Structure formats: C-alpha cells, structure tokens
There are 2 protein chains.
Amino acid sequence: MEDNKFSETHRAVYYEGDKSGRVTMAMLINMIILVSTDQSDHLGLTEKHLSDLGFGWVITQYLIDVERIPHIDEKLTLTTEAVSYNRFFCYRDFWVHDEEGNECARVHAVLVLMDHETRKMVRVLPEVIEPFGAEYTRRIERLENPVGISDEDTVDFKKSYDVRFFDIDPNQHVNNSRYFDWLLDSLTEEFLMSHNLKHMNIKYEKEIHYGHKIDSIVVIKNEGLLTHHQIKIGDDVYCEADCEWTER
Amino acid sequence: MEDNKFSETHRAVYYEGDKSGRVTMAMLINMIILVSTDQSDHLGLTEKHLSDLGFGWVITQYLIDVERIPHIDEKLTLTTEAVSYNRFFCYRDFWVHDEEGNECARVHAVLVLMDHETRKMVRVLPEVIEPFGAEYTRRIERLENPVGISDEDTVDFKKSYDVRFFDIDPNQHVNNSRYFDWLLDSLTEEFLMSHNLKHMNIKYEKEIHYGHKIDSIVVIKNEGLLTHHQIKIGDDVYCEADCEWTER
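Residues numbered from 1 in each chain as written. Chains lettered and ligands numbered in written order. Predicted model: local features only at pLDDT ≥ 70, side-chain atom pairs only at ≥ 80, totals over all residues. Heavy atoms only, no water.

**A short note on the packing of helix H1 (residues 25-42) of chain A against helix H4 (residues 178-185) of chain A**
Residue and element names in this part refer to chain A. Where we set the bar: What counts as an axis is a line fitted to C-alpha atoms, over the stretch in contact for a helix, and the angles between N-to-C directions run from 0 to 180 degrees. Working definition: helices are DSSP H or I runs of at least four residues, strands are E runs of at least two. Numbering for both runs from the N terminus. Just so you know how the angles are binned, under 35 degrees is roughly parallel, over 145 roughly antiparallel, 65 to 115 roughly perpendicular, and the rest oblique. Here is the rule for handedness: rotate from the far helix to the near one, and if that takes an anticlockwise turn smaller than a right angle the crossing is left-handed, while a clockwise turn gives right-handed. Note on contacts: a residue pair is in contact if any heavy atoms of the two residues lie within 4.5 Å. Amino acids are sorted into nonpolar (Ala, Val, Leu, Ile, Met, Phe, Trp, Tyr, Cys and Pro), charged (Asp, Glu, Lys and Arg) and polar (every other residue, Gly among them).
Interaxial distance between H1 and H4 falls to 8 Å at its minimum, and their mutual angle equals 160 degrees. As far as their axial angle goes, H4 and H1 are roughly antiparallel. The handedness of the crossing between H1 and H4 comes out as right-handed. Touching Met25, Ala26 and Ile29 of H1 are Phe180, Asp181 and Leu184, all from H4. Partitioned by chemical class, the residues of the contact of H1 with H4 number five nonpolar, no polar and one charged.

So, in structure tokens, the structure goes:
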C-alpha cells in the first residue's frame, strides 16, 4: 500500500507553551494544520489555488488522543495523511511524535469543502483530494458527537469572549485553534495545572466571526475527569466538545 | 570592535499572521524574544539558571521601528545584541531581516533585573550580562516616554480584556506580546487593514496577572496617523504606548 504520509520537523518554541511549559492545545492544532498546509503546497494544491476555484476546506470535527503533551524546546515530527473521502467528507489523520519517535498525540479530522460564495458545503471535488492519495469510499464514518450540555446540567463555569481582530487568520476565518483557548480557559488555573488532557472530541457547528461575543460554558463530571463544553451565542450552539482528563 | 550579535533563521508560519497575511506585532515580539532566549541558552545563561539565582529579566520599554511587516512564509533572520548596561538598566537591540537581507524591523529594548521574591528591580549583576559582551556604561539613556492619555483627551475606543490562563507563558508572566494584541485590537478592523505601523514606543509600568480585567484605551490623533494607548485597571496605568502609522 502506498504511503501517503507527509512529515516535517517543528521546534516547539516558548510562545507555543503555557505556564507549565507544555505546548498548548491551540498551538498543537496550529502545528498539525501547518503540516497539512505544507503538504498542500508541496503538491501544488495551495489554499490560494483552492480559493481561486471558489472553495476552501473547513474542519468540522477533531478527535484528539493525547499520550503526552510535548514541552517547549522539544523537536517534534508532525505527520499528516489524507486517508479517505466520500461525497461530502474528507478524513485526515495527524500524528505528533517526539525526538525518540514516541507518539505524543494523534488527531482524526473531518473536513468538508465549502463554497466561498454561498458559505455552504459542496460535494468533494476528486481533483482537489486525489493528489493526496486519499481513497474514495462510499462509507460515511459514524463518529460520536460530543455529549454537549443539556438544560438539566448545572453549569460549572461560564466565561464570555469577544472575537478579536487577531483571532482571524490569513484564511479569513477565526483560526480554529482559538476555540481551544476559549473552551479550556473557562476552566480554572487550578484545574488546568492539575490535569492532563487525554481525549477530546470537538465539533464545529457554525461559523464564528470577528466582532461576535461568545459564551464558553463548562459542565464538570466524573470528579473532574470529564468535562462537557459548549460555545454559544445567545441560545445558539456554535461548537461542542467533550474532554477526558487524568490527574497530573 | 567585537561583534556580539547572535542570529538565527525563523520561518514565519500562518498562525503568526493576521487576516492580511502579515506577521502580527505580538508574534514579531515573540520572535525577537526567542532569539535572545536562544542566545542566553547558547551562553549557558538560561532563564532557569537566572531563576535559580532568584532573578529574572523584565522588559520595561520597547522602541520599535518598522520598515516592512514581513508576510507569513517568509524566511526571516532574527538578530539580537546586548549592547550596554549601567547600574540598573540593560539595553538590547534586535533586528528582523528578510531573505534578501533587507531590514524589516529593528527594536531597542530596555531591561531590568527583577528579584523574584520582592518583585522589585535590583542592581544588574555583571556576571549575568557581561558574557553577552555588553559594555558597562555610567550613562543612563534618556528615552522618550509615551505621551499617554490625559483627562483632556477624547477617548476614541475602549475595550476590556480578561487575562487568560493561556496569556501566561512558561516564565510565569503574562507574555509581553499579549499587550500588543490588547493595545491594537482596540482599534477597528478597518483601521488595522488600512494602516501600517511605522513606529511604536511602549512602556510597561506595572505587572499584570492572570485574572485581571484590563481596559485598553485609544486616542486617535493626526488624522489617524498617530495613536496614543493606555492599559489600565481602574484608574491605574499598567502600560502606555504611542504608535505612528502610515496609510496602507
């Protein structure tokens, strides 16, 4: 079977780390998007090329497994592979390895192709995905949705965030790593310094724009080892996530 | 004369850019601090070593001149030199060059040594600065202070920001680049997309901590070519800055 993986090395620098010196989830996500962008550029399928066709890739879901969050100053290997696609979805995997070759994290991502004009999902064009070696499949993955938060839940924390000018990245969207800062910052410093994220399921529901004011809401369960998150504007849910934690 | 400059290359990646694809000021500052940290590590004078002695460097002022803000995907050369020191201050210069060797930005920084216990400035210890090749001088630079904002000024914009968990960096402080996001985000998208920063004078007055809620206040003068900024908590000024702009 052909190996369609694409890898590059990346030094985690101090401004990619949090107070504990560990790489932040936001920066981990930024890094994996970097390697997939570099793969696209390598194949001549740049964002600009896609944008000129009137389209852009949009991530709708990440399933993240963390073995060990890397520290700053580690030399990491970032790897990605566009594994398969069907009519509407593309499935891409990512791996982050440390210098000894140990897996630090792996991420499974679901992407759709969006029409820039209508802002709606369109059928995946084979010509923009097949060069990556992704195989066509009729199977649509049935991935679990985040549990979310119901009216019966008692909200543990709620914080509001204004979307800033610098949250918008060169692709003209709120950089999807920013959601991780909003989702996790709503937990306390004490919680974040005493827990390690093991698994995260995050689903993006609606586009957030510059100037929006969002609420990040958390319900803590299972004695702090499970957290349910929502990002809302008013009563509308823009993003949901579940996180599984271990004590540090 | 001995050359005490230290340089490294850095690829500006997409998550270091704003909507226009230009490197953000916050990331430019992060990059120059990275090269000075690497110089310290290179000389065996790590942050940890200094911290074990009970001290840390704190930046009190930056004078920034921008020729051209680099774009993402440019391969930059970051250079730094600890130029001189006196009893209380250390003066360090930074340069950012593009691949053709053109100067994109230069920064003059004033640093003090802080006692971790008392959180107060102490006399500069020759042994932590001389290995950088900095020369002792009795001269204290008389740098202009930012003009600031007076009661007579009409405030054009005011936005509030909560200091987040992820604003704290591995050195246990609010990363000093975050101030740039707070200062500049308070301007409008329209302003930021139609102006280029040419010069900035920023002075840090007091330490900001996790959990603080700060106000970022702007007065626009000279038909938008000059902006005066303050970061305040209540009536107390924590940071002041002046920015000079050209139209894009």
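**Structural notes on empty space enclosed by the protein**
Where empty space is left becomes clear once a probe the size of a water molecule has been rolled over the atoms. The test is simple: Points on a 1 Å grid, built from protein atoms alone, make a cavity when a 1.4 Å probe fits but cannot get out and make a pocket when they are open with protein on both sides within 12 Å along at least 5 of 7 lines; residues with an atom within 4 Å of a point are the lining residues. Grid points are joined across faces, edges and corners, and a volume is the space filled by probe spheres set on the points.
This model, assessed by the stated rule, comprises three cavities of 30 Å³ or more. For the largest cavity, the calculated volume is near 340 Å³. In terms of lining residues, the largest cavity is bounded by 26 residues, among which Met27 and Arg178 of chain A together with Met27, Arg178 and Asp181 of chain B are the most central. Secondary structure elements with two or more residues in the lining of the largest cavity: H1 and H4 of chain A together with helix H1 (25-42) and helix H4 (178-185) of chain B. Broken down by class, the residue content of the lining of the largest cavity amounts to nine nonpolar, 10 polar and seven charged. The volume enclosed by the second largest cavity comes to roughly 170 Å³. Asp18, Met25, Ile69, Trp245 and Arg248 of chain A are the residues nearest the centre of the second largest cavity, which is lined by 15 residues in total. The biggest single contributor to the lining of the second largest cavity is strand S9 (residues 195-204) of chain A, with three residues. Considered class by class, the residues forming the lining of the second largest cavity number nine nonpolar, three polar and three charged.

**Things to note about the environment of Ala12 of chain A**
Residues and elements named next belong to chain A. The line we're drawing: A simple rule labels every residue: compare its accessible area, found with a 1.4 Å probe on the protein chains alone, to the largest value its type can have, and call it buried under 20%, exposed over 50%, or partly exposed in between.
Within the secondary structure, Ala12 is located in the loop between strand S1 (6-11) and H1. Given a relative accessible area of 0%, Ala12 falls into the buried group. Between the C-alpha atoms of Ala12 and Leu50, which are 38 residues apart in sequence, the distance is 29 Å. Not counting chain neighbours up to four residues away, the residues in contact with Ala12 comprise Val23, Met31, His71, Ile72, Asp73, Glu74 and Leu76.

**Some words on the relation of the copies chain B and chain A**
Put simply, the test is: Our superposition of the copies is a least-squares fit, built on the C-alpha atoms of residues whose pLDDT is at least 70 in both.
Overlay of chain B on chain A (RMSD 0.0 Å): rotation 180 degrees, translation along the axis 0.0 Å. Taken together, the rotation and translation relating the two chain copies correspond to the operation of a two-fold axis. Among all residues of chain B, the minimum C-alpha distance to the rotation axis is found for Tyr161 of chain B, at 4.2 Å. When the interface residues of chain B are mapped onto chain A, 98% of them again lie at the interface, so the same face is used by both copies.

**Comments concerning the environment of Val163 of chain A**
All names here are of chain A. Take Val163: it is sitting in the loop between strand S8 (157-162) and H4. For Val163, a relative accessible area of 3% corresponds to the buried category. As a C-alpha pair, Val163 and His212 span 49 residues in sequence and 5.5 Å in three-dimensional space. With residues near it in sequence (within four places) discarded, Val163 still touches Ile168, Val174, Trp182, Ile208, His209, Tyr210, Gly211, His212 and Ile214.

**Considerations on the side chain of Glu8 of chain A**
As a reminder of what qualifies: The convention is simple: Lys and Arg are positive, Asp and Glu are negative, and His and the chain ends are not counted. Here a salt bridge means any side-chain nitrogen of Lys or Arg lying within 4 Å of a carboxyl oxygen belonging to Asp or Glu.
Counting through the fold element by element, Glu8 of chain A comes out in strand S1. Lacking a salt bridge, the buried Glu8 of chain A has Arg11 of chain B as its closest oppositely charged neighbour, with an N-O distance of 4.4 Å. If we ignore the near neighbours within four places in the chain, the residues touching Glu8 of chain A are Leu34, Val35, Asp38, Leu76, Thr77 and Leu78 of chain A together with Arg11 of chain B.

**Some details on the pattern of salt bridges**
Applying the stated criterion to the full structure yields 28 salt bridges over all chains. A salt bridge links Arg68 of chain A to Glu74 of chain A; the nearest nitrogen and oxygen atoms lie 2.9 Å apart. Here Arg68 of chain A falls in the partly exposed class, since its relative accessible area comes to 33%. What emerges from the salt-bridge pattern is a single network uniting Arg11 and Asp73 of chain A together with Asp38 of chain B.

**Re the pairing of strand S12 (residues 236-247) of chain A**
Residues and elements named next belong to chain A. Put simply, the rule reads: DSSP-based pairing: two strands are paired if at least 2 bridges between them are found.
Here nine bridges tie S9 to S12, and the two strands are oriented antiparallel to one another. In the strand pairing of S12, His195 is matched with Glu247. Pairing between strand S11 (residues 226-233) and S12: eight bridges, direction antiparallel. Each residue of the ladder has a partner; that of Leu226, found in S12, is Glu244. Adjacent in sequence and paired antiparallel, S11 and S12 are bridged by two residues, among which Gly234 carries a positive phi angle near 60 degrees.

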